[in-house]
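Summary of structural features
This is what each chain is made of:
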Amino acid sequence: MTTADLATYNFAYLDEQTKRMIRRAILKAIAIPGYQVPFASREMPMPYGWGTGGVQVTAAILGPKDVLKVIDQGADDTTNAVSIRAFFQKVANVAVTTKTRAATIIQTRHRIPEEKLTSGQTLVYQVPIPEPLRFLEPRETETRKMHALEEYGLMHVKLYEDIARNGHIATTYAYPVKVEGRYVMDPSPTPKFDNPKMHMSEALQLFGAGREKRIYAVPPYTEVVSLDFEDHPFEIQTFDKPCALCGAQDVYLDEVVLDDRGGRMFVCSDTDHCEQRCASGHRGHLAHDKEAAE
Amino acid sequence: MPTPLVVSEVAKSFTMHLRDGLRLPVVSNVAFSVKAGECVVLGGPSGIGKSSLLKMVYGNYAVDSGQILIEHEGRVVDLAGADPRTILAVRRATLGYVSQFLRTVPRVAAVDVVAEPLLARGVAPAEARDAAEAMLDRLNLPRELWQLPPATFSGGEQQRVNIARGFITDHRILLLDEPTASLDATNRAVVVAMIAEKKAAGVALLGIFHDEDVRAKVADRIVDVSAFSPRKAA
Amino acid sequence: MTDAPLLKVRDISKFYGARIGCRNVSFDLWPGEVLAVVGESGSGKTTLLNCLATRLMPTSGSVEYRMRDGTMRDLARMSEAERRFLMRTDWGFVHQNPADGLRMAVSAGANVGERLMAVGERHYGNIRETAGDWLGRVEISADRIDDQPRAFSGGMRQRLQIARNLVTSPRLVFMDEPTGGLDVSVQARLLDLLRGLVQDLGLSAIVVTHDLAVARLLSHRMMVMKDGLVIEQGLTDRVLDDPREAYTQLLVSSILQV
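Residues numbered from 1 in each chain as written. Chains lettered and ligands numbered in written order. Predicted model: local features only at pLDDT ≥ 70, side-chain atom pairs only at ≥ 80, totals over all residues. Heavy atoms only, no water.

**What to know about the overall build of chain C**
Our working rule: Under the scheme used here, helices are H or I runs from DSSP no shorter than 4 residues and strands are E runs no shorter than 2 residues, and both carry numbers assigned from the N terminus. In this setup the radius of gyration rests on C-alpha atoms only. A globule is expected at 2.2 Å times the number of residues raised to 0.38. Buried residues are those whose accessible area, probed at 1.4 Å on protein chains only, stays under 20% of the maximum for their type, while exposed residues exceed 50% and partly exposed ones sit between those limits. Whether two residues are in contact is decided by their heavy atoms: any pair within 4.5 Å suffices.
Along its length, chain C carries 10 helices and 10 strands. In terms of overall dimensions, chain C is globule-like: its C-alpha atoms have a radius of gyration of 18 Å, near the 18 Å expected for 258 residues. Summarising its shape, the C-alpha atoms of chain C cover approximately 55 × 50 × 40 Å along the three principal directions. Sorting the 258 residues of chain C into buried and exposed places 55% on the buried side. Relative to all contacts within chain C whose residues are 6 or more apart in sequence, the contacts with residues 24 or more apart total 67%.

Dropping the structure here:
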């Protein structure tokens, strides 16, 4: 890429006034953890649902020295991740990485990396529907009031319905949390497996919803508690088997269908984590089989 | 002898707005009193206003002027000018009423209709029910009817439920509007006995009885309502 | 009965532009008392109810409510948070159309349990048990607890709405034509149920209705409204049996005798 290509765009695509506006929204969001700050979301060169909110947040905080990682469902190599990463390479000429540890900004769709994030890192979530109360209360005026007055009984109505129908809380993703004892927040459609990682995280967590024009945040070292009932406490998903490739336990696994005869395997959803483990000599049962075959 | 009910200078008329404001005088200058342990019977031809007078004493009809003084919980209340809340309190504790017809409530069993005034005064449910059953038993209401709502009962059966409900409490004043009208001789005798017991217990009774035989047995005094009729005075 | 009114209403007026909703309405409501507000459509009775229940801001006048700690509070001077808290704990509001007062896409159990969860109840088993009890009290069979009100008949929906309102043991319940739109037989059952509940729980209630039979059965006291004004009020049986005003006489004489 040459400087001539860059000249067609402002750094990180958005103009400076827009970035300033978004940064103001981000600052307000950080000041009021879990509160949804409205912002003047711009049209981006990608369709809604492809991460326009996350991209705008990333564009507003990105500096020339940042190292960017983009994941989609934990993977660095899926369409959404690849295209957003390429976008910022093109419009900001920033360094990119797939390594969690090496990144200063990680934009994510629907996962939190397995590796513990550290101070100085920022995790940017792409959010489709920021309002956790939306499916129970369609009126925006009413949900805003409910947040303002801390009327969150309705959130438990949803969990009650889960238990009444399924015998347990069947919500497995976008599992509602309460931030710093005040605002109830939708953690975006991450699996509830990742909810505990948000609690007291050293990294700054920013959430951008482009179509709904909302930004919210969880600053570092903030209390994030998953809602539950006394007799049906919050639990994360567990997996019977370790990752088929790297043998990791206590990580979130994706199911991969191997053939049309019912063959399947479970592998790390976080591809970087899996590769790191494989590189340092960990092996799952499929990796053993493969090596044995070779 | 205490006099728990005093009616004085009471006048009442109906204004029929639907008939161009036609004014129908009912009674005027009503004055009488009822002592404790006494049964006063309102007399006079039908249509003279006996029933209306009874309803005024109960607070069911408003009066144009005058006083209806009732001794209620150690003080005297003028029912003619009392607010609804006071009237209800007086009815609950002091002033009972046996109307000619039972206003039935759907789905409430006869025994519960009878027990209700006791419950309203805070009597324990089991105790109230026992008392209600004893009353119904005494009035010879067939046991198989007790658990049924009285809406489908015959006139006489309904009236007995009504009497049981009116007599179950220890109200100091009891108003009776033809309580024996649709009863057979046996049950009339029961009611006469019950009235006698109330008198012995010091209750002041004011009633309308068309049955001369019953009237003769219960009345201590007859107040002729036609004396208060404005038409006569005019 | 205690010696202080639960609700003190003074000179409540509500104007819609130049048109009158209701004018100069004053009364006290005492604990355990049921007040019926009757009148034809457009007489201002629903406007009055909404002004009292803080669903509408009156143009002038004041409504004071005696809180559980005994202090009288002017509703208009309360914060919205306090008012809303009051509405979902100490008060109930029964809408004519149950769909306005229920969450139609949420099970019967959760509809009843919502208020409990709103005041911080966090034990699923307890919430469900309480909801089950209340369904029983309003005569909805226990096996319907996980059904949505969409699958219920009109009468059942209305009973569910009542259970949803009463689960937090409110002290004051507002009802807007609670039996409107129901079959006569269903009405009778609902009325009897309401009557029993009001009596057992010692509720105070303000019932707006155009049905004088509802007023007779449920209320101790009634107000007759016409053109936004209260034209007659008093003990329910007195107003119905000895109506004084021309309009009240017309209303009473218009009842069809069966």
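Once the structure has been displayed, the description carries forward.
**Structural notes on the interface of chain B and chain C**
Under the convention used in this document: Reported buried area values correspond to the accessible surface (1.4 Å probe) lost by two parts on association, with both partners' losses combined. A pair is scored as a salt bridge if a Lys or Arg side-chain nitrogen falls within 4 Å of a carboxyl oxygen belonging to Asp or Glu. Think of a polar contact as two N or O atoms within 3.5 Å of one another; within protein, one of them needs to be a possible hydrogen donor and the other a possible acceptor, and neighboring residues in sequence only count if both atoms come from side chains. Classes in brief: Ala, Val, Leu, Ile, Met, Phe, Trp, Tyr, Cys and Pro nonpolar; Asp, Glu, Lys and Arg charged; the others, Gly included, polar.
Taken together, the contact pairs 24 residues of chain B with 27 residues of chain C. Summing both partners gives a buried area of about 2100 Å² for chain B against chain C, and 52% of it is carried by carbon and sulfur. The largest per-residue losses of area from chain B upon contact with chain C belong to B:Leu18, B:Arg85 and B:Arg107, which jointly make up 30% of the total buried on that side. Counting across the chain B and chain C interface gives six salt bridges. We note a salt bridge from B:Asp64 to C:Arg244, for which the minimum N-O separation is 3.3 Å. Counting across the interface, chain B meets chain C through 14 residue pairs in polar contact (both at pLDDT 80 or more). Every element with two or more residues in the side of chain B that touches chain C is listed here: β1 (5-16) and α2 (84-93) of chain B. Of the residues belonging to the side of chain B that touches chain C, the class tally is 12 nonpolar, five polar and seven charged.

**What to know about helix α3 (residues 110-120) of chain B**
All names here are of chain B. Within α3 the residues assigned to the buried category are Ala110, Val111, Val113, Val114, Ala115, Pro117 and Leu118. Those residues of α3 that are buried are in contact with α4 (125-138) and α5 (155-167). Gly122 sits one or two residues past α3 and shows a positive phi near 90°.

**Looking at the UniProt feature "domain: ABC transporter" (unreviewed entry) in chain C**
Applied cut-off: UniProt positions are given in the numbering used here, feature names are shortened, and annotations may be inferred rather than shown by experiment.
If you check UniProt for "domain: ABC transporter" (unreviewed entry), the listed places come out as residues 7-252 of chain C in our numbering. With 40% helix and 26% strand, the stretch residues 7-252 of chain C has end C-alpha atoms that lie 28 Å from each other.

**Some points on the packing of aromatic side chains**
What counts is decided by this rule: Centre distance within 6.5 Å is the pairing criterion for rings of Phe, Tyr and Trp, where only the six-membered ring of Trp is used; planes under 30 degrees apart are then read as stacked, over 60 as edge-to-face, and the remainder as tilted. Should the NZ of a Lys or the CZ of an Arg lie within 6 Å of a ring centre and within 35 degrees of the ring normal, that charge is described as sitting over the ring.
Under the definition given, this model contains 16 aromatic pairs over all chains. With a centroid separation of 5.5 Å and an interplanar angle of 55°, the aromatic rings of A:Tyr35 and A:Tyr183 are classed as tilted. Here the residue A:Tyr35 occupies a position in the loop between α2 (16-31) and β1 (37-38), and A:Tyr183 occupies one in strand β7 (residues 183-185), the gap between them amounting to 148 residues. By relative accessible area, which is 12% here, A:Tyr183 ends up buried. Relative to A:Tyr252, the ring of A:Phe239 has its centre 5.5 Å away and its plane inclined at 80°; by these criteria the two rings are edge-to-face. With A:Phe239 in the loop between β10 (224-226) and β11 (253-257) and A:Tyr252 in the loop between β10 and β11, this pair connects stretches of sequence that are 13 residues apart. On the accessibility criterion, A:Phe239 (29% relative accessible area) is partly exposed. When the ring centre of C:Phe93 is taken as origin, the NZ or CZ atom of C:Arg55, which lies over that ring, is 4.3 Å away.

**Regarding the sheet that holds strand β7 (residues 172-176) of chain C**
All names here are of chain C. Test applied: For two strands to pair, DSSP has to find at least two bridges joining them. Note on definitions: angles span 0 to 180 degrees between N-to-C directions of axes, and those axes are lines fitted to C-alpha atoms, for helices only across the stretch in contact.
Spatially, the six strands line up as an open sheet ordered β6-β7-β8-β3-β9-β10, and their pairing is mixed. Edge positions in the open sheet fall to β6 (91-94) and β10 (229-235), since each of these has one partner strand only. Taken over all neighbouring pairs, the strand axes of this sheet differ in orientation by 15° on average, direction set aside. For β6 and β7, the ladder comprises four bridges, and the chain directions are parallel. Bridge pairing in β7 places Phe93 opposite Phe174.

**What about the side chain of A:Thr58?**
You can see A:Thr58 is positioned in helix α3 (residues 52-61). A polar side-chain atom of A:Thr58 sits 2.8 Å from a polar atom in the side chain of A:Gln107.

**Notes on the nonpolar core**
Let me state the cut-off plainly: Residues belong to a common nonpolar core when they are buried Ala, Val, Leu, Ile, Met, Phe, Trp, Tyr or Cys residues joined through side-chain atoms within 4.5 Å.
Ranked by size, the top nonpolar core spans 56 residues in total, and within it A:Tyr160, A:Phe229, C:Val112, C:Leu160 and C:Ile162 carry the most contacts. When residues in this core are grouped by element, the largest group, seven residues, is from helix α6 (residues 153-166) of chain A. C:Ile162 has contacts with C:Val94, C:Val138, C:Leu190, C:Leu194 and C:Leu197, leaving out every residue within four places of it along the chain. One finds B:Val98, B:Ala115, B:Ala128 and B:Leu183 within the second-largest nonpolar core, a separate group that totals 40 residues.

**Some points on the sheet that holds strand β4 (residues 60-66) of chain C**
All names here are of chain C. A sheet is described by the order of its strands in space; here four strands give the open sequence β2-β1-β4-β5, paired in antiparallel fashion. In this open sheet, the two strands that pair with only one neighbour each are β2 (19-29) and β5 (72-74). On average, adjacent strands in this sheet sit at an angle of 25° to one another, irrespective of strand direction. Relative to β2, strand β1 (residues 7-16) is paired through seven bridges, and the arrangement is antiparallel. In the strand pairing of β2, Val9 is matched with Phe27.

**Some words on the pairing of strand β8 (residues 204-209) of chain A**
Residues and elements named next belong to chain A. For β8, the buried fraction is high: six of the six residues fall into the buried class. Burial along β8 is two-sided: the face carrying Leu204, Leu206 and Gly208 and the face carrying Gln205, Phe207 and Ala209 are both buried. The pairing of strand β5 (residues 122-126) with β8 spans five bridges and is parallel. In the sheet register, Val124 faces β8, and the bridge partner there is Leu206. Two elements, β8 and strand β9 (residues 214-218), share five bridges in a ladder whose sense is antiparallel. When the bridges of β9 are listed, Leu206 appears paired with Ala217.

**Observations regarding the interface of chain C and chain A**
The interface of chain C with chain A comprises 22 residues on the first partner and 21 residues on the second. Between chain C and chain A lies a buried interface of about 1900 Å² when both sides are counted; carbon and sulfur atoms form 57% of it. On the chain C side of the interface with chain A, the three residues burying the most area are C:Arg84, C:Arg122 and C:Tyr124, jointly 39% of the side's total. Along the contact surface separating chain C from chain A lie five salt bridges. The salt bridge involving A:Lys145 is made with C:Glu80; its shortest N-O contact spans 3.1 Å. Summed over the shared surface of chain C and chain A, the number is 12 residue pairs in polar contact (both at pLDDT 80 or more). Those elements giving two or more residues to the side of chain C that touches chain A turn out to be α2 (80-89), α4 (108-118) and α5 (124-137) of chain C. A per-element tally of the side of chain C that touches chain A places α4(C) first, with five residues. Residues that form the side of chain C that touches chain A fall into these classes: nine nonpolar, five polar and eight charged.

**Examining the packing of α3(B) against α5(B)**
All names here are of chain B. Inclusion rule: Each angle receives one of four descriptions, namely roughly parallel if under 35 degrees, roughly antiparallel if over 145, roughly perpendicular if within 65 to 115, and oblique otherwise. Crossings are classed by handedness, with left-handed meaning an anticlockwise turn of the near helix from the far one by less than a right angle and right-handed meaning a clockwise turn.
Remark: α3 packs on α5, axes separated minimally by 7 Å, with the N-to-C direction vectors making an angle of 25°. As the angle between them shows, α3 and α5 are arranged roughly parallel. In this structure, α3 crosses over α5, and the sense of that crossing is right-handed. For the pair α3 and α5, contact is made by Ala110, Val113, Val114, Glu116 and Pro117 and by Val161, Ala164 and Arg165, respectively. Considered class by class, the residues forming the contact of α3 with α5 number six nonpolar, no polar and two charged.

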